[in-house]
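Next come the chains, spelled out residue by residue.
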Amino acid sequence: MSKFLNVLFFSSMLMTACSEKTLTPECNLIPYPNHLATSQGEFKITSNVKLNFPENADDASMQVINNFIRNLQSVADVKLISDVAAQKSREISFVNNPELGKEEYKISIQPDKVLVQAATANGFFYATLTLKQMLPLAVYGSEAKPQENWSLPCVEIQDKPRFEYRGMHLDVSRHFFSKEEVKRYIDIMAAYKLNKFHWHLTDDQGWRIEIKKYPELTSIGGIRKKTMIKKDWDNYDHTPYGGFYTQDEIREIVQYASDRFITVIPEIDLPGHMMAALASYPSLGCVGKDYEVSGQWGVRDDVLCVGKESTFDFIENVLTEVVDLFPSEYIHIGGDECPKVRWEKCPTCQKKIKELRIKGDEKHKPEHYLQSYVISRVEKFLNAKGRRIIGWDEILEGGLAPNATVMSWRGMDGGIEAARQGNDVIMTPSSHLYFDHYQSNDTENEPFSIGGCSPVERVYSFEPVAPVLTPEESKHILGTQANLWTEYIPSVDQLHYQLLPRLAALSEVQWTNPESKSWERFINNLDRETKMYDMLGYNYAQHIYEIQGEYIVNNKEKGVTAKLVTMGDAPIYYTTDGTTPTEKSQLYTEPILINESCTLQAVTKRNDKLSRVLNKGFKFNKATGNKVSFNVAPNPKYTYKGATALVDGIRGDFNYANGCWLGYENIPLDVNIGFYEPTELSSVKIGSLVQFGEYVFPPTKLTVYGANENGTFEQLGETQIPMTTSEDKDGLYEYTCEFPAFKTKELRVVVDPVSSIPDWHGARGEKAFIFVDEIIVD
Ligand code: ACM
Ligand code: ZN
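Just so you know, these numbers come straight off a predicted model, no measurement behind them.

**Student:** Which parts of the structure should I look at to understand the overall build of the chain?
**Tutor:** Tallying secondary structure elements over the chain gives 18 helices and 37 strands in all. Over its C-alpha trace the chain gives a radius of gyration of 29 Å, about what one expects of a compact globule, namely 28 Å for 778 residues. A principal-axis box enclosing the C-alpha atoms of the chain has dimensions of 100 × 70 × 50 Å. Within the chain, the fraction of its 778 residues that count as buried is 58%. Residue pairs at least 24 apart in sequence account for 71% of intrachain contacts in the chain once pairs closer than 6 positions are excluded.

**Student:** Sorry, what's going on with the sheet that holds strand β6 (residues 151-159) here?
**Tutor:** Backbone hydrogen bonds hold the strands of a sheet together, and the pairing may be parallel or antiparallel. The six strands lie next to each other as β1-β6-β4-β5-β3-β2, forming an open sheet whose pairing is mixed. Only two strands of the sheet have a single neighbouring strand rather than two, namely β1 (35-44) and β2 (50-52). The sheet shows a mean angle of 15° between the axes of neighbouring strands, direction not considered.

**Student:** Can you help me understand the coordination of the zinc ion (ligand 2) in this one?
**Tutor:** Six octahedral donors at a metal ideally form angles of 90 or 180 degrees, and four tetrahedral donors ideally form angles of 109.5 degrees. Donor atoms from the polypeptide that bind the zinc ion (ligand 2) are Cys286 (SG), Cys305 (SG), Cys346 (SG) and Cys349 (SG), placed at 2.3 Å. Every donor counted, the four donor atoms about the zinc ion (ligand 2) form angles of 107 to 113° at the centre, which fits tetrahedral coordination. Mapped onto the sequence, the donors of the zinc ion (ligand 2) take the spacing C-x18-C-x40-C-x2-C. Residue Cys286 is found in the loop between α7 (275-280) and α8 (309-325), and its partner Cys349 is found in helix α10 (residues 347-355); the two are separated by 63 residues along the sequence.

**Student:** Sorry, what's going on with the sheet that holds strand β18 (residues 405-408) here?
**Tutor:** Read around the closed barrel, the eight strands follow the order β7-β8-β15-β16-β17-β18-β19-β22; overall the barrel is parallel. Sheet twist, expressed as the average angle between the axes of neighbouring strands with direction ignored, equals 30°. Packing against the sheet, helix α17 (residues 502-511) makes contact with β7 (165-171) and β22 (477-482), and its axis sits at approximately 150° to β7.

**Student:** Even after reading the chapter, I still don't get the pattern of salt bridges, so can you show me in this structure?
**Tutor:** Here the idea is simple: oppositely charged side chains can pair when their charged atoms come close. Counting across every chain of the model gives 39 salt bridges. Ionic pairing is found between Arg260 and Asp187, a salt bridge with its closest N-O pair at 3.3 Å. Linking Arg260 in the loop between α6 (247-259) and β15 (263-270) with Asp187 in helix α4 (residues 179-191), this pair joins segments that are 73 residues apart in sequence. Measuring nitrogen to oxygen at the nearest pair gives 2.7 Å for the salt bridge that ties Glu309 to Arg377. Taken together, the residues Glu309 in helix α8 and Arg377 in helix α11 (residues 366-384) connect sequence positions 68 residues apart. Through salt bridges with shared partners, one network takes in Lys179, Glu180, Lys183, Arg184, Asp187, Glu252 and Arg260.

**Student:** Any chance you could explain the packing of α17 against helix α18 (residues 519-536) here in plain terms?
**Tutor:** Packing of α17 against α18 leaves a shortest axis separation of 10 Å and a crossing angle of 130°. Between α17 and α18, the angle is such that the two are oblique. Our pair here, α17 against α18, has a crossing hand that is right-handed. Of the residues in α18, those in contact with Ala504, Ala505 and Glu508 of α17 are Arg521, Phe522, Leu526 and Tyr533. Of the residues belonging to the contact of α17 with α18, the class tally is five nonpolar, no polar and two charged.

**Student:** Can you help me understand the nonpolar core in this one?
**Tutor:** In a soluble, globular protein the nonpolar side chains are often hidden away together inside. Counting 162 residues, the largest nonpolar core has Met168, Trp199 and Trp207 as the members making the most contacts within it. Ranked by residues supplied to this core, first place goes to α8 with eight residues. Grouped together as the second largest cluster of nonpolar side chains are 31 residues, Leu681, Val684, Ile721 and Val751 included.

**Student:** Quick question: what am I supposed to make of the packing of α10 against α11 here?
**Tutor:** Each pair of packed helices can be summarised by the angle the axes make with each other and by the distance between the axes. Here α10 crosses α11 at 80°, and the two axes come no closer than 10 Å. In terms of their interaxial angle, α10 and α11 are classed as roughly perpendicular. Where α10 abuts α11, its residues Cys349, Gln350, Lys352 and Ile353 lie against Pro366, Glu367, Leu370, Tyr373 and Arg377. Considered class by class, the residues forming the contact of α10 with α11 number five nonpolar, one polar and three charged.

**Student:** What is the right way to look at the pairing of strand β24 (residues 559-565) in this model?
**Tutor:** Side-chain positions along a regular strand alternate between the two faces of the sheet. Taking burial as the measure, the seven residues of β24 include five buried ones, the bulk of the element. Where strand β23 (residues 548-554) meets β24, seven bridges bridge the pair, whose relative direction is antiparallel. Bridging across to β24, Gln548 finds its partner in Val565. Looking at chain direction, β24 and strand β27 (residues 592-594) are connected through three bridges and run antiparallel. Paired with Thr561 across the bridge in β27 is Leu593.

**Student:** Could you clarify how one ought to interpret the packing of aromatic side chains in this entry?
**Tutor:** Given two aromatic rings, one states the distance between the centres and the angle between the planes to describe the pair. Scanning all chains against the criterion turns up 33 aromatic pairs. Here the aromatic cluster, defined as three or more aromatic residues joined through ring pairs, consists of Phe176, Tyr185, Phe197, Trp199, Tyr245 and Phe326. Residue placement shows Arg260 over the ring face of Tyr256; its charged tip is 3.5 Å from the ring centre. Cation over ring: Arg748 sits above Tyr705, and NZ or CZ is 5.0 Å from the ring centre.

**Student:** Teacher, can you tell me more about the environment of Thr599 here?
**Tutor:** Following the sequence through the fold, Thr599 ends up in strand β28 (residues 598-606). By relative accessible area, which is 28% here, Thr599 ends up partly exposed. Residues Thr599 and Gly578 lie 21 residues apart in sequence; the distance between their C-alpha atoms is 5.9 Å. Among all residues touching Thr599, those that are not within four sequence positions of it are Thr575, Thr576, Asp577, Gly578, Asn615, Lys616 and Gly617.

**Student:** Any chance you could explain empty space enclosed by the protein here in plain terms?
**Tutor:** Think of a ball as big as a water molecule: rolled over the atoms, this probe shows where empty space is left. Tallied over the full model, the rule gives two cavities of 30 Å³ or more. One number sums up the size of the largest cavity: a volume of about 40 Å³. Residue lining of the largest cavity: Gln439, Pro455, Val456, Glu457, Pro501, Ala541, Gln542, His543 and Ile544, and that is the complete set. Grouping the constituent residues of the lining of the largest cavity by class yields five nonpolar, three polar and one charged.

**Student:** What exactly am I supposed to notice about the environment of Met407 here?
**Tutor:** Position of Met407 relative to the elements: it lies in strand β18. Look at Met407 and you get buried, because its relative accessible area is 0%. Distance in space between the C-alpha atoms of Met407 and Ile667 is 29 Å, their sequence separation being 260 residues. Setting aside its immediate chain neighbours within four residues, Met407 contacts Tyr165, His198, His332, Ile390, Gly391, Trp392, Asp393, Ile426, Thr428 and Gln481.

**Student:** Explain unusual backbone geometry here, please?
**Tutor:** Excluding glycine, residues mostly carry a negative phi; peptide bonds, for their part, are mostly trans. That bond from Ile30 to Pro31 is cis: its omega, -5°, falls within 30 degrees of zero. Among the structural elements, Pro31 can be located in the loop between α1 (3-20) and β1. With an omega dihedral of -5°, the bond running from Leu270 to Pro271 counts as a cis peptide bond. Mapped onto the secondary structure, Pro271 falls in the loop between β15 and α7. For Asp290, which is not glycine, the phi dihedral falls at a positive 60°. Within the secondary structure, Asp290 is located in the loop between α7 and α8.

**Student:** Please clarify how the layout of surface pockets should be interpreted in this entry.
**Tutor:** The calculated volume of the second largest pocket comes to roughly 870 Å³. Secondary structure elements with two or more residues in the lining of the second largest pocket: α2 (59-76), α3 (121-133), α4, α6 and α18. Here the lining of the second largest pocket takes six residues from α2, the largest share from any one element.

**Student:** I'm lost on the environment of Glu774 in this one. Help?
**Tutor:** Its location among the elements puts Glu774 in strand β37 (residues 769-777). Here the alpha-carbon distance between Glu774 and Lys743, two residues 31 residues apart in the chain, equals 21 Å. Discounting residues that sit within four places of it in the chain, Glu774 has contacts with Ala645, Leu646, Val647, Asp648, Gly649, Ile650, Arg651, Lys685, Ile686 and Gly687. Engagement of the side chain of Glu774 in a polar contact is seen with the backbone nitrogen of Asp648, the distance being 3.4 Å. In this structure the side chain of Glu774 is engaged in a polar contact, spanning 2.6 Å, whose partner is the backbone nitrogen of Gly649.

About the criteria used
Residues numbered from 1 in each chain as written. Chains lettered and ligands numbered in written order. Predicted model: local features only at pLDDT ≥ 70, side-chain atom pairs only at ≥ 80, totals over all residues. Heavy atoms only, no water. Helix = DSSP H or I, 4+ residues; strand = E, 2+ residues; numbered from the N terminus. Rg over C-alpha atoms; globule rule 2.2 N^0.38 Å. Buried < 20%, exposed > 50% of the residue type's maximum accessible area, 1.4 Å probe, protein only. Contact = heavy atoms within 4.5 Å. Pairing = 2+ DSSP bridges. Axes fitted to C-alpha atoms, helices over the stretch in contact; angles between N-to-C directions. Donors = N, O, S within 2.8 Å, 3.2 Å for Na, K, Ca; no water. Tetrahedral: all angles 85-135°; square planar, octahedral: opposite > 155°, others 65-115°. Salt bridge = Lys/Arg side-chain N within 4 Å of Asp/Glu carboxyl O. Parallel < 35°, antiparallel > 145°, perpendicular 65-115°, else oblique. Left-handed = near helix turned anticlockwise from the far one by under 90°. Nonpolar A, V, L, I, M, F, W, Y, C, P; charged D, E, K, R; others polar. Core = buried A, V, L, I, M, F, W, Y, C linked by side-chain atoms within 4.5 Å. Phe/Tyr/Trp six-rings, centres within 6.5 Å; stacked < 30°, edge-to-face > 60°. Lys NZ or Arg CZ within 6 Å of the ring centre and 35° of its normal. 1 Å grid on protein atoms, 1.4 Å probe; cavity = no way out; pocket = protein on both sides within 12 Å on 5 of 7 lines; lining within 4 Å. Points joined across faces, edges and corners; volume = space filled by probe spheres on them. Polar contact = N/O pair within 3.5 Å; in protein donor to acceptor, adjacent residues only side chain to side chain.

Shown next, in the form of structure tokens:
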């Protein structure tokens, strides 16, 4: 084939190659480009290759290109030539192409030439990142490695991001990360072409940004006296913990990020999550005394007193310094989780409500409208300084500030509502994009996670534009971001473990169009990424190399079918007799039927090493494997595969979002269990999870009904469960209802929740959940 034909052939192949998701070992790109076609051959990087720089390029573009060339020459140990006398037979050219978009680039690689085109430094930066991903991993090191294969695969790429906002968040209040650690975080973000770093700088547990006008924010508010130990809410280490960034350090980090085309968006969380500020300047609060930087996680009742004008002086003075430090157009002002109990009792706040003629209505209390007033007022202040605000989705309550961008975290609904109102939205739903969540159901091996479950597949599967939005409304979805809260993450190794490889998955959600995404291609490409993490010393989660289990109730066999999978074709070995599996154990070839109590254990083998053991216990009772159906459906977020979770013989643990627990918000659990033949029963027990901080309460009543010979249900028994008090503890509980032996083919089980969160709790009056994992019938 002539070269001319070759070019034609490949340009016509662009679309098909992309949609067929060609797997080429040399193109393990993440995030995957939006148009890519490979061909045979490679461009060898050797000395004397002619180097052409763009004409009229700006300094920033030249800096990006020069950095890349310098890096390449040192690791490949070659000397590229840019003077006219150089041989022209092979060349690398960087060309300014003003027709491309701000973040767009093109790369064309043929055996004798590499052509890189962009319109801006951003585009050249992304092009060089893509080039680096096609070179040997040694490109990320600093040593000369001439023995590596320094060549680029022949490929045609035209690429630009799907979303303009591609963010990652970091909470440095709950745990502090040093300037250098933050820079590493930015490096990792940059490698995946993210462009927004949301820096959560203040919270109840520590104020981390130097404010010259209020030095005590860091000297007092930057240090907590104690920290709760693990997940024990009443047990503290009594060790002071602190840290903050000076304004010089902040400027340095902002510049460092900017050099990598990342904008730093600072967050000053207000009017709630302000204990550190209240401890520093008690007059900022409604009560005005006895504040302490929190050593406990969760939400505090004490918030800024917004009845006082002096509080607004404080906010404006702080934000004035923040605006001076951060060139970002967006400033995040929080707005989340602000209890209203202090405002309800505070004469100054109540006076303000009267002054503003605020009235409550059926939708919101007056205090919600007061919060809305605060956010709008702060927005006006920042708008006047040429900045825009972002707030968490609570800023919708009581009316959205006119120009605010909403960060939708409690699901997609807040973002959908804001987009429909014509406001911009960043989607960060905790259901998919909270990187403090578990990465598998194997919670014992995940000590740093707070709760929830967002494995890498779930992150990858996230679609930021809800299908219910019209094309016009969809334009308001600026992009998406994952959040990394650090309550249980005291070290940078643990931080990286929560971040990687989920950040790689996030980057494709942000950059790659849905038609170019492919989970199979992505996990194949991850292999190179994990080698890079190893090389750079980044800790990461290894679940993709372990075994994932799926357990499906099998009514026909009155058991549970266990399906085991792992990445690629690595063999899986298993046991069900309690012994630890080895490569001499049974080889897994098809789904396993479990029809009695046992422990399923499995390992896989990769590179001559056995993986961690998957360990799943099954405890059978008279209901296990039988038919079960909902009379009342659970909350859709906590329904998973449905009612069969209650009869699969699998018990849940402290992670309420791993699929074991069905969650009901303010409504009863109400199910029927059908038996194949009349079965004699005398007790029903339920497993229940209690996590008061997450609004998960014990039920109040368990009632059991049985169908008699006529098929009519009669009540067999009822167990009242005492109301909770502030003395009660989180944990896994069981409640039993016993009754005289009864033979039946069908049972109905009803579990009632509390009517609302009781007065002793910070969220008094709000809706409460019950979570049930199993119905045990004997
Ligand atoms: C949040 O997670 N409180 C925004
Ligand atoms: Zn007040």
